[in-house]
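# Structure assessment
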Amino acid sequence: MTAPVAPGPVIVYANPWTRLGRAHPVDGGCTARYRCDASRKEEDVIDDHAHPFNLAGGPLDPAALSLDIGTEPGAEDRRRSLGPGRLFQELLTVRLAEYLGCGPDEVPQARATASTEWESYVGGLFRTSGITGIVMDPAWPPGAAENLERYAELAGCPIHPILRLEPIVDRLIDEGAGVAEIVDAVGRAMDEAASRGWVGFKTILAYRTGLAVNPDVTRQEAETSLRSDVPVRRRGKACRDLVLREALANAADMGLPFQIHTGMGDSEIRLGESNPLLLEELLHSPAGAAARIVLIHGSYPWTDELAYLAAARPNVWADLSLCNIFSPLTTANRLLRLVDLAPTNRILLATDGFQEPELFWFPAVVLRESWEQVRSTLAAAGARASWLDEVEVAIFEGNARTLYGL
Ligand SMILES: [Zn+2]
C-alpha cells in the first residue's frame, strides 16, 4: 500500500498497517493511534454498529469467523479447509502477526500468550483501532446485555446499547401471542430501553420475512399471518411488517434512531430479501418517513442503492460495516461510492465487530486505510483540504455523535 499524498502542503501518512506493527506493543502500553507524520490529527472513531466480544481470552480460530454458520455434520471441517483460502483470513493473519511481532505461522501461539493478559491485550487492540465509543447491539450472546460495564472496561470506551426487536417478537410468536400483545410488548421494551439511556433500536427483519415491508398492512392481515406452522423465523410476515411500522413511529416520537439490517449477513439470511430498495414503500409511508433510519452494512452488495437512498430520502443514514471485515479490499471503493453521491453528514463508519476483539481492530484499520485512499482520490479531483478534514471528522465520529446523541 503506498502512502497517500494530499495536495498543497505535502502531508504523508504512515501506512497504518506498518504503524500497527512498529508502534503498538502487545502490552497495550502505547496510547498512540494512527497519526499522520505532519499536523493533521487522525480522528477518533465512533463505531456505530457492533456486537459483544469475548470477555476472556483463548485460542483465536480465524476459520470460525465466517459468514458460513452451518451446523450440519462436516460444517466445521468445511470452514477449516476453506478458511486459509479467504483473503480476509490471510490479511487478518498477516496484520496480526505484524501487531504481535511474530511470523504469520506463529500467530496462534503468540495470540494465546497475549490473551493470558486479556484486559491489557483487548485494551491495546481498541486503542490501536482509535475506537472511542461503541453503539452495541447486545442481543447475542444471551446475557450479554448484563455485561455492558465489563465491555466498556475492556474496550476502554463507552458502550451505547441499542435494542433489537426480534428476540421479543420471535418469543411471543412462538408462544402463540396475538398481534396486540406483540405490539404492546415491543412498545414497552422500547420505552424501557429509552428510559435506561439506550440510544436506539434495531431490526433484523431481513433475517426473518425480508425487507419488502407492506406499510399499509392491516391488523387482520397481521393476525392471519400468525396462524401458520412454518418455522417461527419465517412466520408472521404481515405481523412483523406491522410491528416495524409501529416501532418506527415510536422511535420517531422518542427521537431515537433505528438501525435496519440490509445487505450481507451470515448464511441464515436470504440475501435477495435484504436489498434496501425493498424498503422504498415503507420509507414513503408516514412512519417510515418520520423515524431516523440507519441502513447498515453498506447494504452490501447494493452500495449504490444505499447511497441513493441516503441522498434522496430525508431521513436515511448509510452505515458502512461488516463488509470491511469480509470484503476488506472493496471497502475503499464502497466508501468512495457513498461519498460520491450521499451527503457526507449521512455516512457512518463502523465495524460490526463480534466475538473477537480483533474483529473490531481489523475492520477499523481497514476503514482508516480505505479513507486515506478515498481522501487521496477526492483531493486529486480538487476537493479542498478543509472540506476533506470536515468530512473525515463527520464520517468517523461527528455524524454518529449527532445521530445517537453521544
Ligand atoms: Zn451487526
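First, a word on scope: everything that follows refers to the structure included in this document. Everything numeric in this text was worked out from a predicted model, so none of it was measured.

### Considerations on unusual backbone geometry
Note on backbone geometry: most residues besides glycine have negative phi, and most peptide bonds are trans. Between Trp140 and Pro141 the backbone carries a cis peptide bond, its omega angle lying at -5 degrees. Mapped onto the elements, Pro141 comes out in the loop between strand S2 (131-136) and helix H6 (148-155). That bond from Tyr300 to Pro301 is cis: its omega, 5 degrees, falls within 30 degrees of zero. Relative to the assigned elements, Pro301 resides in the loop between strand S6 (293-296) and helix H13 (303-312). One non-glycine residue, Ser299, adopts positive backbone phi at about 50 degrees. Locating Ser299 in the fold gives a position in the loop between S6 and H13. Take Ser299: there are 30 C-beta atoms within 10 Å of it, and that puts it in the buried class. Despite not being glycine, Gln355 has its phi angle at roughly 70 degrees, a positive value. Take Gln355: it is sitting in the loop between strand S8 (347-349) and helix H16 (358-381).

### Looking at the nonpolar core
Judged by nonpolar contacts, the single largest core of 108 residues is most densely connected at Phe201, Val243, Ala247, Leu295, Ala318, Leu348 and Phe360. Beyond its immediate stretch of four places on either side in the chain, Leu348 contacts Asp48, Val294, Trp317, Ala318, Asp319, Ile395, Asn399 and Ala400.

### Looking at the packing of H16 against helix H17 (residues 385-404)
Two elements in contact, H16 and H17, have axes whose closest approach is 10 Å; the angle formed by their N-to-C orientations is 150 degrees. The angle between H16 and H17 falls in the class roughly antiparallel. Seen along the crossing, H16 lies across H17 with a hand that is right-handed. When H16 is examined against H17, the residues Trp371, Arg375, Leu378 and Ala379 are found in contact with a partner set consisting of Ala385, Leu388 and Glu392. Residue classes in the contact of H16 with H17 are distributed as five nonpolar, no polar and two charged.

### Some points on the environment of Gly58
Inspection of the secondary structure puts Gly58 in the loop between strand S1 (45-50) and helix H2 (75-82). Residue Gly58 is classed as exposed on the basis of its 12 C-beta neighbours within 10 Å.

### Notes on the packing of helix H15 (residues 331-341) against H16
Running from N to C, H15 and H16 cross one another at 55 degrees; their axes reach a closest spacing of 8 Å. Considering their axes alone, H15 and H16 lie oblique with respect to each other. With respect to the hand of their crossing, H15 and H16 are arranged in right-handed fashion. For the pair H15 and H16, contact is made by Thr331, Ala332, Leu335, Leu336 and Val339 and by Val366, Leu367, Ser370, Trp371, Gln373, Val374 and Thr377, respectively.

### What about the pairing of S1?
Of all six residues that make up S1, six are buried, and the element is covered over most of its length. Strand direction decides the pairing type here: S1 and S2, joined by four bridges, are parallel. Among the inter-strand pairings, Asp47 is bridged to a residue of S2, identified as Ile134.

Definitions and limits used
Residues numbered from 1 in each chain as written. Predicted model: local features only at pLDDT ≥ 70, side-chain atom pairs only at ≥ 80, totals over all residues. Helix = DSSP H or I, 4+ residues; strand = E, 2+ residues; numbered from the N terminus. Buried ≥ 20, exposed ≤ 12 C-beta atoms within 10 Å, placed from the backbone. Core = buried A, V, L, I, M, F, W, Y, C linked by C-beta atoms within 7 Å. Contact = placed C-beta atoms within 7 Å. Axes fitted to C-alpha atoms, helices over the stretch in contact; angles between N-to-C directions. Parallel < 35°, antiparallel > 145°, perpendicular 65-115°, else oblique. Left-handed = near helix turned anticlockwise from the far one by under 90°. Nonpolar A, V, L, I, M, F, W, Y, C, P; charged D, E, K, R; others polar. Pairing = 2+ DSSP bridges.

So yeah, pure geometry; function would need other evidence.
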